[in-house]
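Residue-level listing of the chains:
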Amino acid sequence: MSAETATKQYTALYEEHQKLGASFTDFGGWQMPLKYQSELAEHHAVRQAAGLFDLSHMGEVWVTGPDAGKFLDFALVSRLSAVAVGKAKYSLICNEDGGIIDDLISYRRAEEKFLVVPNAGNAKAVAEALAERAGDFDVTVEDVTASISLVAVQGPNSVAILKQLVAAADHAVVTEMKYYAADEVHFTVSGAPLRLLLARTGYTGEDGFEIYVPNENAASLWSALLSAGKDFDLVPAGLAARDSLRLEAGMPLYGNELSLEVSPYDAGLGPIVALKKEGEFVGRAALEAQKERGSKRKLVGLKGLGRRAARSHYPVSKDGQTVGEVTSGQPSPTLGYPVALAYVDIEHIEPGTRLDVDLRGKPEPFEVVALPFYKRDK
Amino acid sequence: MSTVLSNLRYSEEHEWVDASSPVKVGLSQVATDALGDVVYVDLPEVGSTITAGETCGEVESTKSVSDIYAPVSGEITEVNQAAIDDPALLNSDPYGKGWLFTVNVSEEGPLLSAEDYSSKNGGELS
């Protein structure tokens with residue numbers, strides 16, 4: 001490990017988490033709240049009411065300039081130039097071999113201005129890859145991860161909670177904001193006006209928002225949200241709940257389901273790759289070849305028929321033969337049975353297929369099911 | 001902060017043992033707090049024999065699976081069905097309703113005093 005990655009990083013909200021009695025975990029070098037009280041209670045709160053997350057470990061990279069859209073078309077696998085101002089898009093950044101460097105969300109804030117949000121552990125690699133790829137394009141790439149905090153309010157009560165802090169004139173912006181859209185909104189935080197970027201995005205499978213806030217205002221926003229949320233059963237929620245929520249929603253986690261060794265097509269992210277877009281982009285040749293070749297194994301959902309949960313790296317078998325490997329697995333708090341994501345040989349990916357997961361030497365029955373495991377009522 | 005009850009003795013693997021006969025066995029709060037919310041408990045059967053230092057069950061939380069090690073050798077006389085039905089008892093009441101099983105002890109394994117256990121593993125003596 002290099003000296004650099006060995007340095008612990010703390011978000012601007014670290015002391016708030018300590019005050020709330022959080023237990024901490026390392027995530028991509030960041031000391032993040034794992035849970036405050038019970039991760040199950042936090043999970044259920046997000047499904048039934050609302051949860052407040054510190055996601056300040058996520059990266060923020062501004063891409064600005066006349067070529068911003070054209071540049072991101074080259075650097076990422078999707079057609080970012082087609083994204084309307086005010087909208088966001090989920091995409092991938094791949095290497096020349098078609099391996100996934102990261103999955104990320106890009107917000108188009110203006111014709112020539114995008115905010116790219118990579119995962120915590122990949123922020124530096126993404127910022128470097130973007131800077132490297134900027135070459136002949138008329139763009140500026142600026143990594144502002146260190147100065148920006150990110151707070152998420154997730155759950156059915158999110159709109160009601162935000163309206164407590166958002167200026168009345170902007171209430172309609174909040175209520176009418178579409179999923180994967182973003183806008184600057186006027187907040188009142190401990191008596192002071194604050195204009196912040198609000199996005200209707202998340203990683204929980206619930207309605208919710210993410211708020212980008214300068215580090216110096218992060219703690220006051222966090223406290224204001226917690227008090228405003230009191231009447232709406234908002235609880236602070238840690239990364240343990242975030243992981244079980246995203247798994248139920250069938251969302252991939254970089255490092256588990258996605259990596260440099262994984263093809264977007266195997267991961268079910270083929271539709272994200274815009275092979276039809278004009279011009280060259282990094283990874284195009286390899287990705288075209290992958291698509292042409294077809295997938296040997298694919299990411300599927302597994303539902304446990306017993307009570308035991310599958311865990312990452314457990315082998316998946318059919319009639320005693322290994323046919324895949326689990327990438328994430330847990331007992332689903334919402335559904336009451338174990339769920340898992342696994343890469344499984346293409347012959348065995350039909351929903352309804354009975355497979356076994358080797359639970360430390362004991363085969364446990366699972367069934368292939370369509371994703372997501374959980375979908376909220378709209 | 002996890003509590004360590006001073007009237008119990010503890011194994012290196014975080015099982016507690018009380019002074020009754022047959023002895024009652026459970027998991028320390030230091031262990032259940034570290035595990036997170038327990039969702040599944042697998043216990044030995046009544047009448048089976050367990051051997052100190054060997055695994056005799058499993059406890060599964062939202063995040064992980066851990067073995068339960070026998071803190072003593074002997075025959076299982078009772079298992080806590082309530083904890084099997086509601087594993088959250090291991091978190092909410094690890095020294096009370098969240099006990100695991102009782103054993104007719106033939107031989108004790110190495111056990112630590114509450115003081116030694118807490119100085120080694122943290123937790124607050126009570």
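Conventions adopted
Residues numbered from 1 in each chain as written. Chains lettered and ligands numbered in written order. Predicted model: local features only at pLDDT ≥ 70, side-chain atom pairs only at ≥ 80, totals over all residues. Pairing = 2+ DSSP bridges. Helix = DSSP H or I, 4+ residues; strand = E, 2+ residues; numbered from the N terminus. Domains from an automatic or database assignment. Contact = placed C-beta atoms within 7 Å. Nonpolar A, V, L, I, M, F, W, Y, C, P; charged D, E, K, R; others polar. Buried ≥ 20, exposed ≤ 12 C-beta atoms within 10 Å, placed from the backbone. Axes fitted to C-alpha atoms, helices over the stretch in contact; angles between N-to-C directions.

Q: How would you summarise the pairing of strand S10 (residues 101-108) of chain B if you had to cite specific residues and measurements?
A: For a regular strand, side chains alternate in direction, first toward one face of the sheet and then toward the other. Residue and element names in this part refer to chain B. Of the pairings in the sheet, the one linking strand S4 (residues 23-27) to S10 comprises three bridges and is antiparallel in character. Across the sheet, the residue bridging to lysine 24 is threonine 102, located in S10. Judged from the seven bridges that link them, strand S9 (residues 72-79) and S10 form a sheet pairing that is antiparallel. For valine 79, the partnering residue across the bridge sits in S10 and is phenylalanine 101.

Q: Could you give an account of the domain arrangement of chain A, naming the residues involved and the relevant values?
A: Residue and element names in this part refer to chain A. What the domain assignment reports for chain A is domain 1 (3-58 + 147-247) and domain 2 (296-378). Once you take the C-alpha centre of each, domain 1 and domain 2 turn out to be 31 Å apart. Tallying the contact residues gives eight residues for domain 1 and nine residues for domain 2. Listing elements by their share of the side of domain 1 that touches domain 2, those giving two or more residues are helix H3 (39-48) and helix H9 (239-248). At four residues, the largest contribution of residues to the side of domain 1 that touches domain 2 is made by H3. Of the residues that constitute the side of domain 1 that touches domain 2, the class distribution is two nonpolar, four polar and two charged.

Q: Describe the interface of chain A and chain B, with residues and values.
A: When the parts of a complex come together, some accessible area is lost, and that lost area is often used as the size of the interface. Tallying the contact residues gives 12 residues for chain A and eight residues for chain B. Those elements giving two or more residues to the side of chain A that touches chain B turn out to be H3, H9 and strand S17 (321-331) of chain A.

Q: Which residues make up the pairing of strand S7 (residues 100-110) of chain A, and what are the values?
A: All names here are of chain A. Where burial is concerned, most of S7 is hidden: 10 out of the 11 residues are buried. Where strand S6 (residues 88-94) folds back on S7, the antiparallel hairpin that results is connected by five residues, among which glycine 98 adopts a positive phi of roughly 80°. Where S7 lies against strand S8 (residues 113-117), five bridges are found, and the strand directions are antiparallel. Considered in S8, the bridge of arginine 108 is made with phenylalanine 114. Linking S7 back to S8 in an antiparallel pair, the connection comprises two residues.

Q: Kindly report on the sheet that holds S17(A), identifying the contributing residues and their values.
A: Residues and elements named next belong to chain A. A barrel is described by the order of its strands in space; here six strands give the closed sequence S15-S18-S17-S16-S19-S20, paired in antiparallel fashion. For this sheet the average axis-to-axis angle between neighbouring strands, irrespective of direction, equals 45°. Relative to strand S18 (residues 338-345), strand S15 (residues 297-304) is paired through seven bridges, and the arrangement is antiparallel. If you follow lysine 298 over to S18, its bridge partner there is valine 344.

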